[in-house]
Amino acid sequence: MSGSGQSQFRCTQTPSKVLHLRNLPWECNEEELVELCKPFGKIVNTKCDVGTNRNQAFVEFVDLSQAINMVSYYASSSEPAQIRGKTVYIQYSNRHEIVNNKSPGDVPGNVLLVTIEGVEAGDVSIDVIHLVFSAFGFVHKIATFEKAAGFQALIQYSDVQTASTARDSLDGRSIPRYLLPSHLNECHLRISYSAHTDLNIKFQSHRSRDYTNPYLPVNPTAMEGFLQPAVGPDGKKKEFESNVLLASIENMQYAITVDVLHTVFSSFGTVQKIAIFEKNGGTQALIQYPEIATAAAAKDALEGHCIYEGGYCKLHLSYSRHTDLNVKAYTDKSRDYTIQVPLPMQQTSGVPGVGYASSSAAQGQAPVTPVTSWDRAPAGAFSGQAYMSAPGNPQMGGARPLHQPNVFPDLDLPSFSCNLVNLIPREKKKKKKVNPDVFF
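So, here is what we can say about the structure in this document. In this text, all values refer to a predicted model and were calculated from it rather than measured experimentally.

Basis of the calculations
Residues numbered from 1 in each chain as written. Predicted model: local features only at pLDDT ≥ 70, side-chain atom pairs only at ≥ 80, totals over all residues. Heavy atoms only, no water. Salt bridge = Lys/Arg side-chain N within 4 Å of Asp/Glu carboxyl O. Buried < 20%, exposed > 50% of the residue type's maximum accessible area, 1.4 Å probe, protein only. Helix = DSSP H or I, 4+ residues; strand = E, 2+ residues; numbered from the N terminus. Pairing = 2+ DSSP bridges. Axes fitted to C-alpha atoms, helices over the stretch in contact; angles between N-to-C directions. Contact = heavy atoms within 4.5 Å. Phe/Tyr/Trp six-rings, centres within 6.5 Å; stacked < 30°, edge-to-face > 60°. Core = buried A, V, L, I, M, F, W, Y, C linked by side-chain atoms within 4.5 Å.

1. Observations regarding the pattern of salt bridges
Going through the model one piece at a time under the given rule, you end up with nine salt bridges. When the shortest N-O distance is used, the salt bridge between Glu 35 and Lys 38 registers 3.2 Å. The partly exposed category is assigned to Lys 38, whose relative accessible area is 46%. Arg 207 is the salt-bridge partner of Glu 146, the closest N and O atoms lying 4.0 Å from each other. Of this pair, Glu 146 sits in strand β8 (residues 139-147) while Arg 207 sits in the loop between β10 (189-193) and β11 (208-210); the two residues are 61 residues apart in sequence, bridging distant segments of the chain. Of the residues examined, Arg 207 reaches a relative accessible area of 26% and is grouped as partly exposed.

2. Some details on the sheet that holds strand β3 (residues 56-61)
As summarised here, the arrangement of the four strands in space is β2-β3-β1-β6, forming an open sheet in which the pairing is antiparallel. The sheet is open, and its two borders are formed by β2 (43-50) and β6 (89-92), each paired with just one other strand. Each strand axis lies, on average, 20° off the axis of its neighbour in the sheet, ignoring direction. Against the sheet, helix α2 (residues 30-37) makes contact with β1 (18-22), β2 and β3, and its axis sits at roughly 130° relative to β2, the strand it touches most. On top of the sheet, helix α3 (residues 64-76) reaches β1, β3 and β6; it is set at about 140° to β6, its chief contact.

3. Topic: the packing of aromatic side chains
Here the structure, examined in full by the defined rule, presents five aromatic pairs. Each ring, one from Phe 40 and one from Tyr 73, has its centre 5.5 Å from the other, and the planes form 55°; the classification is tilted. Of this pair, Phe 40 sits in the loop between α2 and β2 while Tyr 73 sits in helix α3; the two residues are 33 residues apart in sequence, bridging distant segments of the chain. Site record: aromatic cluster; members linked through ring pairs are Phe 40, Tyr 73 and Tyr 74.

4. Some remarks on the nonpolar core
Formed by 28 residues in total, the largest nonpolar core has its most connected members in Ile 256, Leu 261, Phe 265 and Ile 307. The element contributing the most residues to this core is helix α7 (residues 258-265), with five residues. Leaving out residues up to four positions away in the same chain, Phe 265 has contacts with Leu 245, Ala 247, Val 271, Ile 287, Tyr 289, Ala 298, Leu 302, Leu 315 and Leu 317. Counting residues in each nonpolar core, the second largest holds 27 residues, with Ile 155, Tyr 157, Cys 187 and Tyr 193 among its members.

5. Side note on the pairing of strand β12 (residues 244-250)
Taken together, the six bridges between β12 and strand β14 (residues 282-288) define a ladder with antiparallel strand orientation. Bridge pairing in β14 links Leu 245 to Ile 287. Sheet topology note: the β12/strand β16 (residues 312-319) ladder contains six bridges and is antiparallel. Pairing of Ser 248 across the sheet is with His 316, part of β16.

Next up, the structure:
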């Protein structure tokens, strides 16, 4: 906008004794605003750090004529209003007085709410946050979390005075560069007061810490490897890995049970536990292996592939933060293969042809009387051939060779020789019956 256009905008606003100042230097304080405006009259109130970038302010004169004089002067002057050499734009405000209603973030307290800008969760560890804020006093507790505003932390001090000193000293500042990972240039701190007075920390972890209670239980994710994410040669964070996989299943044309998932995932190693649940309208499952390497192999091989031909039951895999699932029920939705299950509970669950694995099988030993078992092809068999033996099942007719696997048709895995399409029954998902009376 041109200078004349800017002047016209100022003069055509409805006059008010409250002026709106824009394009202020960052961290412009009240004294600098008063110094700019006091030649035109007495200032009765100010409001700084307004706007998203905190570069706007309001100034209230004691009389309307004083505000008009200031606007008129700079509208006709060849020299613009300036603070720290930066041009400041002035116009009448829509308000007629400044009401300094303090938000909860402005009321001093012993707990600070810190927003760390320019980072993701995990970029700045809780130990770095503790080191920065401990410079102003003893930090009692820290809790980090993610909100719409970004990565945030609550820092609790013993008293309001210590918290106020830390806020005044660190608000708007950056964490020292040498404390940050190499892929981060800088991250600014935006600090306000929290309405909390005493944080409830239940365990020590990479996300929460209570420095007043050394006997608090430690969460497994608080191990050293979880505190700071590994960074690859390209400067990007390496993906977090775990022995537990989180599987999201799309296009559920057929019902999925723990037996189905066990058949698929046990082809890469011993499956210890499985838990199926519904979340956000979709079906998900947690699959636990004894070690990370097995989980990684299964994830790399099965990601994006479908359990059934035709694109049905597509798998999307990621690593879970869990390391040991707490599976108590023995159902079609959850199973713990590491414990001995009483025989009455080892009955088929309406899924023909697939049986429950015993604890000995889960430990890598041959099951005593399996309902279904798979063996690798004997020496001399053609590549990819598998044999299935089903003692006690007359419908199977004993051991017989299978066709080349047609599950995961786009997956080239010579060692993956189980024909899952023939093994896993395609049980249609039950559809709800529609009552025609509802529509009439």
